Amino acid sequence: MPLQYKISALLLAAFLLFGLLTYTVQQRNILPSFLKLETQDAKKDMDRAFQAIQREMAALAQPTGEWASWDDTYRFIQDSNSEFEEANLNKAAVLELLRVELTYFINLSNEVVWSVVYNRQTGKEIKLRELSDKSLPPGHPLTALAEEDSEVNGLLLTSNGPLLLVAKPSLDSHSQGPARGTVVFGRFLDATTVRRIAQQAGVQLAIWPLQGAPLGPEQSAVAAQLGTSSEVSMRASDGENHVYRVLPDIFGKPALLLQVTVPKLISA
């Protein structure tokens, strides 16, 4: 065999060996570390989305606490005086100033002393089938607030969409009891709110109610897998990862499925 052919064959063999070695190193060492980084980043994005929802809940808890620990509210829940209703319970105060779309005052007999629910999009009052405006059943989560530092916060799925709720015991202006009932404020987790949460967290966020709404095959499988767990689940597709987490309602049942979509920028 001529020398130039031998040299060419040796160079080709060396090139193939180098290529095989490079591919092996990439697949066994480099790529797994990249995929691990992508997984960590995707889970961090879900954490940011979850924390943004928690901040939304905390923002709702502030006015709830202020109204719950107030002598005037304390008296109103007991005697339903018209002066308090005329001075404070109007659309401008409840909806526009506080950015609250649901307000309930509930006494110790679980009777709804006063309530209002608004549709923010239309500005009109609505009724919720899932939350009576007359009374609540014994043992309802929104009424089990005997301790002065008690608080219930979470989700309620309604026919008008998911609702963020915060409930606190009605106390005097010094936050002293005994509690005379419960003050509940709520805010719908509508498309506008979800977009704001996604922007604050810097993520691509989607939500699905887990009751009364159809889910895609992937979402159904993930919801069944997660159940009531607070863990996250990830599904990979071409060019992006989908990270999922389930949020429970105030009864402890699965209520919302969160999905954060994260492009595979690292491995790309």
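Coordinates for the structure precede this section.
Below you will find a few notes about this structure. Starting from 1, residues in each chain are numbered consecutively following that chain's sequence as written. Given that this is a predicted model, residues contribute local features only at a pLDDT of at least 70 and side-chain atom pairs are listed and counted only at 80 or more, while totals for whole chains, interfaces and linings are drawn from all residues. Note that the side-chain values use all heavy atoms of the structure and ignore hydrogens as well as water.

We now examine the sheet that holds strand β7 (residues 204–209). What makes two strands pair is DSSP finding at least two bridges between them. Numbering of helices and strands runs from the N terminus; a helix is a DSSP stretch of H or I covering at least four residues, while a strand is a stretch of E covering at least two. Spatially, four strands are ordered β7-β10-β9-β8 in an open sheet, and the strand pairing comes out antiparallel. Strands with a single pairing partner mark the edges of an open sheet, and in this sheet they are β7 and β8 (232–237). Pairs of neighbouring strands in the sheet enclose a mean axial angle of 25°, with direction left out of account. For β8 and strand β9 (residues 240–248), the ladder comprises six bridges, and the chain directions are antiparallel. Bridge pairing in β9 places Ser233 opposite Tyr244. An axis is simply a line fitted to the C-alpha atoms; with a helix, the fit covers only the stretch in contact. Between two such axes, the angle follows the N-to-C directions and lies from 0 to 180 degrees.

The method works on a 1 Å grid over the protein atoms by themselves. A cavity is a set of points holding a 1.4 Å probe that cannot get out, a pocket is an open set with protein on both sides within 12 Å along at least five of seven lines, and residues with an atom within 4 Å of a point line them. Grid points are joined across faces, edges and corners, and a volume is the space filled by probe spheres set on the points. Here the largest pocket is characterised by a volume of approximately 200 Å³. Elements that contribute at least two residues to the lining of the largest pocket include exactly β4 (152–158) and β5 (161–169). Considering each element in turn, the lining of the largest pocket owes the most residues, three residues, to β4. Class assignment for the residues of the lining of the largest pocket results in six nonpolar, four polar and three charged. Empty space within the second largest pocket amounts to approximately 160 Å³. What lines the second largest pocket is simply Phe50, Ile53, Gln54, Met57, Asn153, Gly154, Leu155, Leu164, Arg245, Val246, Leu247 and Pro248. Put simply, the parts of the chain that give the lining of the second largest pocket at least two residues each are α1 (3–68), β4 and β9. Of the residues in the lining of the second largest pocket, the class split is eight nonpolar, three polar and one charged. Classification used: nonpolar for Ala, Val, Leu, Ile, Met, Phe, Trp, Tyr, Cys and Pro, charged for Asp, Glu, Lys and Arg, polar for all others including Gly.

This paragraph deals with helix α5 (residues 191–201). Buried within α5 we find Thr193, Val194, Ile197, Ala198 and Ala201. What you see down the axis of α5 is that its buried residues fit within an arc of 135°, all on one side. Positive phi appears at Gly202, one or two residues downstream of α5, with a value of about 70°. Residue exposure (1.4 Å probe, protein chains only): buried if accessible area is under 20% of the type maximum, exposed if over 50%, otherwise partly exposed. Arc, as used here, means the arc of the directions from the helix axis to the C-beta atoms.

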